Structures are given as structure tokens and as C-alpha cells.
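Observations on the model geometry
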Amino acid sequence: MPESSYSGKDIQVLEGLEAVRKRPGMYIGTTGPKGLHHLVYEVVDNSVDEALAGYCKNIDIAIHQDDSVTVTDDGRGIPVDSVPKYKKSGVEVALTILHAGGKFGGSGYKVSGGLHGVGVSVVNALSSRLEIEVKRDGSIWEMAFERGKPVASLKATGKSKATGTKITFWADPEVFETTEFSWDTLASRMRETAFLNKNLKITLSDERELEPRKEEFRYAGGIIDFVKYLNEKKESLHSRPIYFESEGPEGVAEVALQWNTGYSETVLAFANNINTHEGGTHLDGFKNALTRTINDYARRQGILKEKDENLSGEDIREGLTAVVSVKLNEPQFEGQTKTKLGNTEMRSFVQSIVTAGLAEYLEENPKPARAIVSKSTQAAKARAAARKARELTRRKGLLESSTLPGKLADCSVREAALTEIYLVEGDSAGGSAKQARDRGFQAILPLRGKILNVEKAGINRALSSEEIQAMITALGTGIQEEFDLEQARYHKVIIMTDADVDGAHIRCLILTFFYRYMREMIDAGYIYIAQPPLYKVAYGKKHEYAYTDKELQAALRALPESTKYTIQRYKGLGEMNPEQLWETTMDPDRRTLLQVSLDDAMAAEEAFIDLMGDQVEPRKLFIQRHAKSVRFLDV
Ligand code: 0RA
């Protein structure tokens with residue numbers, strides 16, 4: 001091969017991956033834990049594409065002791081022969097050229113959009129090392145890379161009749177803030193992927209614990225099982241989820257839905273396995289069809305009289321759990337976070353499937369049909385009553401920020417973009433925080449004890465809770481239909497609770513409140529969690545704080561030998577004096593804040609149901625699993 005042309009292409013390739021290393025955020029969003037986990041999703045999504053194309057049935061993910069991760073699938077294997085355009089093996093092209101994956105991949109529905117679909121080359125670029133093994137064409141092939149560059153060429157190392165791809169990568173500590181993967185994060189994502197791909201078996205294992213952990217996700221019912229899972233701890237209105245599916249030139253659409261006796265709406269929409277948080281045409285089609293069909297049925301049955309107004313979509317979706325999943329060839333993702341489906345053909349496609357399917361279901365199942373309509377009419381009545389109650393409280397000024405809650409220690413700066421409010425567990429920690437804060441831009445609102453679980457209470461009760469009223473008035477935005485982000489009085493809302501089980505409960509309760517009443521605050525990135533330290537290590541005249549067990553170990557190791565030290569374990573915020581609280585948790589220059597994402601809020605809600613529900617078993621399991629973070633349980 002003439003050297004000039006080869007090296008020319010080589011440079012181009014390196015520039016591509018070099019660009020990824022220079023600006024990782026452009027490709028994976030962040031270099032925090034979220035970006036780290038995207039590496040796994042990216043590799044798994046490629047395996048899922050093989051499954052969508054009908055060639056892969058099993059995907060295994062293993063987290064190893066050194067924080068490396070292996071993803072193995074039994075798909076066709078990445079092609080090993082030379083790609084003419086690049087004069088390199090398919091394996092090398094896939095791993096070193098940006099966006100190459102799709103270019104020489106087959107047709108069919110592909111996972112792509114949002115932050116995904118950037119290709120495994122991005123994972124390679126951001127890994128200190130990556131090893132690949134492909135079984136294909138009767139042989140086993142191997143190759144390795146370091147920081148995106150090949151360190152060995154593709155070689156056949158053995159024979160095999162099987163096919164598949166196995167990728168092991170070590171996330172680069174030079175790139176990522178942390179290289180520690182979270183079991184919970186990966187497990188919930190893998191569960192979701194398995195729900196969305198009927199019968200695909202995904203196994204997740206973790207070799208980091210003394211007792212290795214392993215969980216298998218495989219659902220013969222697909223999104224029907226997803227809906228059952230979401231409704232598991234709720235009382236459903238009809239025994240089996242309603243399900244429709246259809247395939248047309250537009251693609252495939254599947255819908256599963258089941259009402260429960262609760263008050264909240266959980267409607268998840270996916271396009272090519274991507275959670276379309278911002279909705280889009282498929283979701284619009286679903287909602288339109290649902291509202292219309294239920295109203296038609298209620299009128300035909302004489303439940304709604306001629307003079308009655310139609311039931312609103314919100315009334316109909318109270319207590320509804322639904323999953324809408326579409327797969328299409330050329331998805332268009334729009335919106336702020338590229339999670340809004342834009343393909344117009346999907347609106348009428350989903351709408352017609354749901355209209356036909358639901359009308360038939362209602363005709364054939366009169367008992368559930370009546371229960372569903374009756375739930376909607378009750379919701380409509382309650383909503384009218386709540387509106388009245390809200391108008392009443394508003395007239396009294398209770399939800400207006402013109403009468404700020406007495407417990408609020410407000411800040412003096414008025415420019416919302418510059419200010420923050422700490423929601424603090426307990427009056428005593430609230431008192432310390434008030435002394436510690438910078439009163440210029442930091443406001444403090446102490447919350448007493450367990451705030452009301454808005455998941456279990458209707459809006460009327462929620463609005464009569466003093467703590468909830470205090471939060472609403474302090475934040476200034478109003479709630480639900482009347483929510484207005486522009487009115488937010490602070491652009492950072494920081495939840496600060498003790499590092500114990502009660503603190504975790506309270507955090508979950510507050511997140512559930514935001515999730516149900518002010519979801520846009522989460523979308524806007526205004527909600528944060530404070531990170532108080534777990535330990536203080538004192539030696540000589542100095543001291544250091546440790547925020548995790550790992551940090552504590554590191555701090556102790558760093559001490560010169562035979563240095564005397566003491567370790568203080570903080571059980572609650574109350575054990576810190578104002579000065580300590582300031583330097584560890586509130587000083588913008590020294591603190592760490594966790595920004596809450598919609599996924600976190602959903603996970604919190606789930607954890608919260610486990611913890612607060614009436615069943616003992618999930619609570620026990622949760623506490624065992626999270627033994628690390630609830631180590632003060634019985635101290
Ligand atoms: C390109 C083309 C083909 C498969 C793949 C890539 C592929 C990529 C990954 C990544 C992880 N697992 C994978 N499995 C397959 C199609 C090959 C053919 O036509 O035989």
C-alpha cells in the first residue's frame with residue numbers, strides 16, 4: 001500500500017477520535033456518571049440492533065472488578081473482511097471511524113437518536129483500553145486498542161462455528177470523573193431494554209462484590225410485562241393490560257395500557273427503544289385516540305348525557321399506566337434533548353390502531369369499560385372541586401409568593417438566575433443552614449419531618465399540607481396546569497437531607513412532589529441534591545472530609561505512616577456546626593451538587609414505593625441492596 005495515501009487516511013481517522021477525546025461532552029453529553037453509563041448503552045444498543053434485525057437473542061453484560069465492562073452478543077459479528085473505502089477490516093472501521101456503524105450495517109430498525117447512535121468508535125475513543133473478539137466465518141478474531149488507537153491488528157486466534165461480538169472496555173479515568181458503574185442504573189436500563197424487545201434475553205452480572213450478583217431480564221410479554229411491572233404495587237382497575245400492535249409501511253407500533261386506582265399518570269413513549277421524554281407524534285396519536293374513544297363510548301352508553309361536557313384527556317389518564325413503543329426506519333428526533341419524535345405519519349398510524357383496538361376492547365369487556373369510564377368521571381369531578389379549592393386558596397393568597405411562608409429565610413438578591421434555595425430536613429439543621437448561608441443569594445426553607453406523599457393523596461389534601469404550601473409559595477411557579485417556569489424565584493433548588501434512611505425517604509418524597517407537580521423544574525435542570533460529607537478525618541491540627549467510603553480509604557492511605565487520626569462519622573446534618581456545613585456542603589466553591597434528571601426522579605419514585613409501600617418484602621430487599629447508603633440504619 002502506498003504510504004502517502006494510507007497515512008493520509010490514518011490522520012483523518014485519528015483526528016476523528018481525537019475530536020471525541022477533546023470534546024467528549026459533544027458525543028456523550030457529560031463526563032460524569034451519566035456519560036460513563038452511556039458507554040455501556042452505546043455498545044449494548046449495537047447488539048440490540050442485531051436483535052432488531054433478527055440475528056441476536058442473547059446479550060450479556062459483565063461489570064468486572066477493575067471497573068471494565070464486557071458486552072457479549074450472539075449476533076452476526078462485526079464483519080472482519082476489508083472495507084474497500086478504508087482498506088481496513090470492518091472491525092477496525094467500526095471502532096475507529098465516527099458514525100461508521102450504520103454506514104455498512106444492514107437495513108432494518110435501528111436504535112439511533114438522542115445521545116446514542118454515535119457508534120462504538122466513541123466508546124473506543126473514550127476508553128483507556130478496548131478489546132474485541134468476533135466470532136464469524138468459522139473463526140475467532142481478536143483486536144485491541146488503547147485510547148482509540150489499534151495496538152494489534154485483527155488476527156484469527158481460533159476456530160468457532162458460532163457467531164457474535166464481545167467487547168471489553170476500560171473507561172478512561174483521564175476522561176471520566178468516575179469510572180465506577182452503578183448496578184441500579186445499568187439494571188434498570190437493561191430491564192427497560194428487555195421489556196421493549198420481547199424475548200430478548202439480557203443478563204447483567206457484577207463481579208465487584210464479594211458475592212457476585214447476576215440478574216436475567218427476559219420478558220415473553222414485552223411491553224405488556226412492562227405495564228404490569230409499573231403497576232405491580234398498585235391496585236389495578238382491570239386484571240390484564242390492554243394491548244394492541246400493528247405493522248404497516250410506517251413501521252411497527254405497540255401499545256399496552258392498564259388503569260390503576262391511583263391518581264397519577266404514567267405514560268411512557270419510545271421510538272426505536274429510545275425513551276422519547278419530550279413525547280412527539282406517537283404519543284399525540286395515542287392521547288387523541290384515547291380521549292376520543294372513551295368519550296364516544298361514554299356517550300353511546302348514556303354515561304355522558306347530551307348536556308354534559310366531554311371528559312378531558314387528563315381526567316381519562318388519571319391512574320393510567322401505558323407504554324407506547326414504535327419502531328420505524330428513519331426516526332426524526334427533535335426537541336431540546338432530541339427526545340421528541342417528529343415523524344408525522346406516526347400520529348395517524350398510532351391513532352388508528354388505538355381507536356380501533358380500544359373501541360373493540362370496550363365493547364367486548366363491559367365491566368372494565370364501565371370501571372374506566374367511572375374513574376374518569378370521578379376524576380373530572382375531583383378536578384373541578386380542586387380547581388375551586390385552588391381558587392379559594394389563591395384568593396386567600398395562600399399559594400401566591402406575595403405572602404411568603406414564615407419559615408423561609410429568603411435571600412436579598414432578586415435575580416432568580418443567581419439565587420438558590422435549600423430545602424432542609426428538620427428545623428435544627430435548618431437553623432444551622434440559616435447561620436451558615438450567604439444571605440445574599442442563598443435562601444433556606446426548613447421542612448419538618450416527612451412531607452406528605454403526593455403519590456397517595458389527591459390534590460386537595462396535598463394543597464392543605466403546610467409543608468407543601470410552603471414549598472409552592474416559596475418557589476413561586478404554581479403547579480401543574482398553572483405552572484410557569486418564568487415565575488421561578490430561584491434557579492437552583494437544593495434538597496439537603498441527612499445521610500440516613502429517613503433522609504433518603506424525605507429526599508424521595510420531595511422528588512416525588514417535583515415529579516408530580518413541577519416536572520418542568522426537573523426538565524429545566526433546576527433541582528439538585530446536596531452532598532454532605534460522611535466522615536471527617538482529623539490529624540494534627542488539620543482535617544479533611546470524605547464524601548464516600550472510597551474517599552475515606554484514600555484519605556487514610558494518604559496519611560504519613562504512624563500519624564494519629566480520628567474519624568468522625570456524620571449521621572445527620574445536625575452534627576455539623578454552621579461553619580462546617582458551609583465549607584462542606586453549601587459553599588459554591590467547595591461543595592458538590594448532584595443535578596437531578598428525570599430518570600433519577602422516576603427511580604426515586606420507584607425506590608420510594610418500595611420503601612413506603614405496605615409490603616414488607618420490597619422494603620427489606622431495598623435496604624439490603626442499598627446497605628451501603630443506609631449503613632446508619634441501626635446505629
Ligand atoms: C456492521 C454490519 C453488520 C453487523 C454489525 C456491524 C454488528 C455490530 C455490532 C456491535 C456489537 N455487536 C454487533 N454485532 C454486529 C452486519 C453483518 C452482516 O451483514 O453479516
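Residues numbered from 1 in each chain as written. Predicted model: local features only at pLDDT ≥ 70, side-chain atom pairs only at ≥ 80, totals over all residues. Heavy atoms only, no water.

Quick look at the sheet that holds strand β25 (residues 593-595) now. Read from one edge of the open sheet, 5 strands run β19-β18-β20-β21-β25, paired in mixed fashion. Of all the strands in the sheet, just β19 (442-447) and β25 have a single pairing partner and so form its edges. With direction set aside, neighbouring strand axes in the sheet form an average angle of 25 degrees. The sheet contact formed by strand β20 (residues 492-496) and strand β21 (residues 527-530) spans 3 bridges and is parallel. Along β21, the bridge assignment pairs Ile494 with Tyr528. Against the sheet, helix α16 (residues 501-517) makes contact with β18 (420-425), β19, β20 and β21, and its axis sits at roughly 135 degrees relative to β18, the strand it touches most. (Pairing = 2+ DSSP bridges. Helix = DSSP H or I, 4+ residues; strand = E, 2+ residues; numbered from the N terminus. Axes fitted to C-alpha atoms, helices over the stretch in contact; angles between N-to-C directions. Contact = heavy atoms within 4.5 Å.)

Now for the side chain of Thr276. Along the polypeptide, Thr276 turns up in the loop between β14 (274-275) and α9 (281-300). From its side chain, Thr276 meets the backbone oxygen of Ala269 in a polar contact 2.6 Å long. In this structure the side chain of Thr276 is engaged in a polar contact, spanning 2.9 Å, whose partner is the side chain of His282. The residues contacting Thr276, other than those within four sequence positions of it, are Ala269, Phe270, Ala271, His282, Phe333, Thr339 and Leu341. (Polar contact = N/O pair within 3.5 Å; in protein donor to acceptor, adjacent residues only side chain to side chain.)

For Ser428, the position within the fold is in helix α13 (residues 427-436). Given the relative accessible area of 57%, Ser428 is considered exposed. Ser428 sits 146 residues away from Gly574 along the chain, and the two C-alpha atoms are 6.4 Å apart. (Buried < 20%, exposed > 50% of the residue type's maximum accessible area, 1.4 Å probe, protein only.)

Before going further, it helps to examine the packing of helix α7 (residues 183-196) against helix α8 (residues 223-230). Running from amino to carboxyl end, α7 crosses α8 at an angle of 135 degrees, the nearest separation of the two axes being 7 Å. The orientation of α7 relative to α8 falls into the category oblique. Contact residues: α7 offers Arg191, Glu192, Phe195 and Leu196, while α8 offers Ile223, Asp225, Phe226 and Tyr229. Across the contact of α7 with α8, the residue classes tally to 5 nonpolar, no polar and 3 charged. (Parallel < 35°, antiparallel > 145°, perpendicular 65-115°, else oblique. Nonpolar A, V, L, I, M, F, W, Y, C, P; charged D, E, K, R; others polar.)

The next point concerns α13. Looking only at α13, the buried set comprises Ala429, Gly430, Ser432, Ala433 and Ala436. All buried residues of α13 lie within an arc of 160 degrees about the axis, which places them on one face of the element. Across α13 from its buried face, at more than 90 degrees, point the exposed residues Ser428 and Gln435. If you follow the buried residues of α13, they end up packed against β18, β19, β20 and α19 (578-586). (Arc of directions from axis to C-beta.)

For the ligand, the set of nearby residues contains 12 residues, the closest of which are Glu50, Asp73, Arg76, Ile78 and Arg136. At 3.3 Å, a side-chain N or O of Arg76 approaches an oxygen atom of the ligand. At 3.0 Å from an oxygen atom of the ligand is found a side-chain nitrogen or oxygen belonging to Arg136. Computed on the free molecule, the ligand has an accessible area of 460 Å², of which 84% lies beneath the protein chains in the complex. Among the residues forming the shell around the ligand, the class breakdown is 3 nonpolar, 5 polar and 4 charged. (Near = heavy atom within 4 Å. Areas by Shrake-Rupley, 256 points an atom, 1.4 Å probe, with all protein chains shown as cover.)

We now examine the pattern of salt bridges. Note on pairing: side chains with opposite charge can pair once their charged atoms come close. Taken as a whole, this structure holds 28 salt bridges when the rule is applied. Close ionic contact of Asp45 with Arg189 constitutes a salt bridge, the shortest N to O distance being 3.7 Å. With Asp45 in helix α3 (residues 33-52) and Arg189 in helix α7, this pair connects stretches of sequence that are 144 residues apart. The residues Asp45 and Arg189 share a single accessibility class, namely buried. Close ionic contact of Arg347 with Asp284 constitutes a salt bridge, the shortest N to O distance being 3.7 Å. Placement of Arg347 in helix α11 (residues 345-364) and of Asp284 in helix α9 is noted, with a sequence separation of 63 residues between them. For Asp284, a relative accessible area of 32% puts it in the partly exposed group. Here the residues in one salt-bridge network are Arg21, Arg147, Asp172 and Glu174, joined through shared partners. (Salt bridge = Lys/Arg side-chain N within 4 Å of Asp/Glu carboxyl O.)

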